[in-house]
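What the coordinates show
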Amino acid sequence: MTDKIERSIEELYQNDPERADAEIFGRVTDTSRRGFLGGAGLAAMSAAVGGAIPFAANMPGGLIPAAMAQGTAPAPAAPKGPILLDFPGKNKGLVVIGERPLVAETPEHLLDDDTTPIEKFYIRNNGQIPEENKEPDKWKFTVEGEVNKKLELTLGELKSKYKAQTRRMVLECGGNGRSFFSPKASGNQWTNGGAGCAEWTGVRLADVLKAAGVKPSGIYTAHYAADLHLSGDASKPTLSRGVRIAKAMDPDSMIVWAMNGQPLPNIHGGPVRLLYPGWAGSASQKWLTKIVIRDKEHDGPGMTGTSYRLTIKPMVPGAKADPKNFKILESMPVRAIITSPGNGTKLPAGTKEVKLRGASWAGDLTVRRVDVSTDYGVTWQPAKLEKAKNKYDWQRWTASVKLPRDGYYEIWSRAMDSNGHMQPHVAPNWNPSGYGGNPMHRVAVLIG
Ligand SMILES: Nc1nc2c(c(=O)[nH]1)N[C@H]1C(S)=C(S)[C@@H](COP(=O)(O)O)O[C@H]1N2
Ligand SMILES: [Mo]
């Protein structure tokens, strides 16, 4: 095969996987049976992924090989390189998935630390990034609405009047995994990198709400912040989401001012932000200026239509959405990622064993198990799960897999949550804005 043909197959896999499959394997009616195909098709596929495929017989039809899948890691055959982030204090391996507003994700192989360093933590903005505040302790915010006493607090007062706590907890964008939907769902095309796990220091939101005295009529929060709308119109909130009062009262829901022991960086919402672990990150308002307690579900920007909403009953992918068939996205779904080796890793000929490391988390739930496979999911072996530091921490995992001979492999990982729900093969429950995309993670490894 010439280079040109290889490249065109890669492009085809990104644009139209079904056609690419047909090109490679011939026009067969049942592409789910790649295993029965050999000869030219297999040779073409091997050439395209860069090596023999020992488990080719198990390769599911229509599957875009991980080596070519649209991703952020340096896949050996990626036709177009990702746009890398250039931002003060940030790792240059972060991948820009939106320029205005600025959105950048962390490729899975950069989530290999137990605690995600600030420089590797993903960035998600909906509006303009405010100027850095030079007097953080004077930062003011209010708590009002359905409360007995309106509170106005500076960060300095918050620190001196309330008991501080530090927790290592996952923050994950509601859209994490969106790029895995087919047909394409609208919004920033996250792979798995809209998540990180940092040490957050602050106070319990519940303590502050109790000081204000939430009235029995107060059932929902509404959050407001200092970031200007992209249009520059100061009367328009950029994003204003809220949560049910029960989540606001959870002892792990916090008002935070420090991240990994450092004052909360401006890009992450400093001086003060909210942190609702386990729930769609959009509730965790950065640059917090106001919390209003409401007597009904909040309806600010980000609360209505199909934004941050999942379908109640499955809908036809790509079809017109019925607004009545949606509910608010709250807890995030279970996910495991392989953080080492990275996608596209080449290992020396003769390598027979590969050590794997990863992370897993499950919104409000915990992870019951993580399994890994090297043969396209025919056989699985359990990974060793490490204990979480505290609730909402991610669970790191390790495993060691044996590979029979040189060639192209895909390592797959899947997690099961404490309710017994497992990650699916493909993004489930298609919805127009692409929430809940948590298919198994796959990395390509080439030996020899
Ligand atoms: N004020 C404000 N808060 C915000 C946002 C925003 O655009 N403005 N984005 C939200 C979204 S969608 C996410 S996923 C997280 C991202 O936090 P990070 O940029 O610190 O990673 O912040 C949330 N809080
Ligand atoms: Mo988000």
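Residues numbered from 1 in each chain as written. Chains lettered and ligands numbered in written order. Predicted model: local features only at pLDDT ≥ 70, side-chain atom pairs only at ≥ 80, totals over all residues. Heavy atoms only, no water.

Structural notes on the overall build of the protein chain
Counting secondary structure elements, the protein chain contains six helices and 23 strands. Computed over the C-alpha atoms, the radius of gyration of the protein chain is 23 Å, within 12% of the 22 Å expected from 2.2 N^0.38 for a compact globule of 448 residues. For the protein chain, the C-alpha atoms occupy an extent of roughly 75 × 45 × 40 Å along the three principal directions. Counting over 448 residues, the protein chain shows a buried share of 54%. Partitioning the intrachain contacts of the protein chain with sequence separation of at least 6 by distance along the chain shows that 71% fall at a separation of at least 24. (Helix = DSSP H or I, 4+ residues; strand = E, 2+ residues; numbered from the N terminus. Rg over C-alpha atoms; globule rule 2.2 N^0.38 Å. Buried < 20%, exposed > 50% of the residue type's maximum accessible area, 1.4 Å probe, protein only. Contact = heavy atoms within 4.5 Å.)

Details of the pairing of strand S7 (residues 195-204)
Judged by how many residues are buried, S7 sits mostly within the fold: nine of 10 residues are covered. With nine bridges joining them, strand S6 (residues 164-172) and S7 adopt antiparallel strand pairing. Residue pairing for S7: Val170 is matched across the bridge by Cys197. Two strands pair when backbone bridges link them, and S7 and strand S9 (residues 254-259) are joined in this way by five bridges, in the antiparallel orientation. Note on S9: the bridge partner recorded for Val203 is Ile255. (Pairing = 2+ DSSP bridges.)

A short note on the domain arrangement of the protein chain
Many authors give the size of an interface as the accessible area that is lost as the parts come together. By the assigned domains, the protein chain splits into domain 1 (9-69), domain 2 (126-328) and domain 3 (335-447). On a C-alpha basis, the centres of domain 1 and domain 2 stand 43 Å from each other. (Domains from an automatic or database assignment.)

A few points about the site of ligand 1
Near ligand 1 you find 20 residues, and of these Asn126, Asp227, His268, Arg273 and Lys286 are the closest. Asp227 is positioned such that a nitrogen or oxygen atom in its side chain is 2.7 Å from a nitrogen atom of ligand 1. Side-chain polar atom of His268 to an oxygen atom of ligand 1: 2.7 Å apart, as the coordinates give it. Coverage of ligand 1 by the protein chains reaches 100% of its 540 Å² of free accessible surface. (Near = heavy atom within 4 Å. Polar contact = N/O pair within 3.5 Å; in protein donor to acceptor, adjacent residues only side chain to side chain. Areas by Shrake-Rupley, 256 points an atom, 1.4 Å probe, with all protein chains shown as cover.)

Some details on the nonpolar core
Counting residues in hydrophobic clusters, the biggest one holds 29 residues, and the most contacted among them are Val143, Leu158, Leu205, Val208 and Ile255. Contributing elements (two or more residues each) for this core: strand S4 (140-145), strand S5 (151-154), helix H4 (155-161), helix H5 (205-212), helix H6 (245-248), S9 and strand S12 (288-294). For this core, the element with the most residues is H5, which contributes four residues. Excluding anything up to four places from it in sequence, Val208 contacts Val143, Leu151, Leu153, Leu158, Tyr162, Val203 and Ile255. By size, the runner-up hydrophobic cluster in this structure holds 20 residues, among which are Ile338, Leu403, Ala415 and Val445. (Core = buried A, V, L, I, M, F, W, Y, C linked by side-chain atoms within 4.5 Å.)

As for the side chain of Gln285
Tracing the chain through its elements places Gln285 in the loop between strand S11 (273-275) and S12. Taking relative accessible area as the criterion, Gln285 reaches 4% and is therefore assigned buried. Excluding residues within four positions of it along the chain, Gln285 makes contact with His223, Tyr224, Ala225, Leu239, Ser240, Arg241, Arg273 and Leu274.

Here we look at the packing of aromatic side chains
All told, the structure shown has seven aromatic pairs when counted by the stated rule. Between the aromatic rings of Tyr122 and Trp190, the centroid separation amounts to 5.6 Å while the plane-to-plane angle is 90°, which identifies the pairing as edge-to-face. Of this pair, Tyr122 sits in the loop between strand S2 (103-105) and strand S3 (123-124) while Trp190 is found in the loop between S6 and S7, placing the two residues 68 residues apart along the sequence. For the pair shown, Tyr122 and Trp190 are each scored as buried. Consider the rings of Tyr376 and Trp412, whose centres lie 5.8 Å apart with planes at 90°: the pair is edge-to-face. (Phe/Tyr/Trp six-rings, centres within 6.5 Å; stacked < 30°, edge-to-face > 60°.)

Here's the deal with the pattern of salt bridges
A complete count under the given rule lists 20 salt bridges for this structure. In this structure, Arg396 and Asp112 form a salt bridge, with 3.7 Å as the shortest nitrogen-oxygen distance. Here Arg396, found in strand S21 (residues 395-402), pairs with Asp112, found in the loop between S2 and S3; they are 284 residues apart in sequence, far enough to count as distant. Linking Arg335 and Glu172 is a salt bridge whose minimum nitrogen-to-oxygen distance equals 3.0 Å. Remark: Glu172 occurs in strand S6 and Arg335 occurs in strand S15 (residues 335-340); sequence separation between them is 163 residues. Across the pair, Glu172 and Arg335 agree in class, each one buried. Within this structure, Asp112, Asp114, Arg357 and Arg396 form a network of salt bridges that share partners. (Salt bridge = Lys/Arg side-chain N within 4 Å of Asp/Glu carboxyl O.)

Remarks on unusual backbone geometry
In this model, Arg100 is joined to Pro101 through a cis peptide bond whose omega is 0°. Residue placement: Pro101 occurs in the loop between strand S1 (95-98) and S2. At the junction of Ser182 and Pro183, the peptide bond is cis and its omega measures out at -5° in the coordinates. If you trace the backbone, Pro183 turns up in the loop between S6 and S7. For Tyr376, which is not glycine, the phi dihedral falls at a positive 60°. In this structure, Tyr376 sits in the loop between strand S18 (367-373) and strand S19 (381-382). For Tyr376, a relative accessible area of 5% translates into the label buried. You will see that Asn429, though not glycine, has its phi angle at about 50°, which is positive. Within the secondary structure, Asn429 sits in the loop between strand S22 (407-417) and strand S23 (441-447).

Some thoughts on the sheet that holds S22
Read from one edge to the other, the open sheet built from five strands follows the order S16-S23-S22-S18-S19, with strand pairing classed as mixed. The open sheet is flanked by strand S16 (345-347) and S19, the only strands paired with a single partner. Two strands pair when backbone bridges link them, and S18 and S22 are joined in this way by six bridges, in the antiparallel orientation. Paired with Ser373 across the two strands is Trp412, which belongs to S22.

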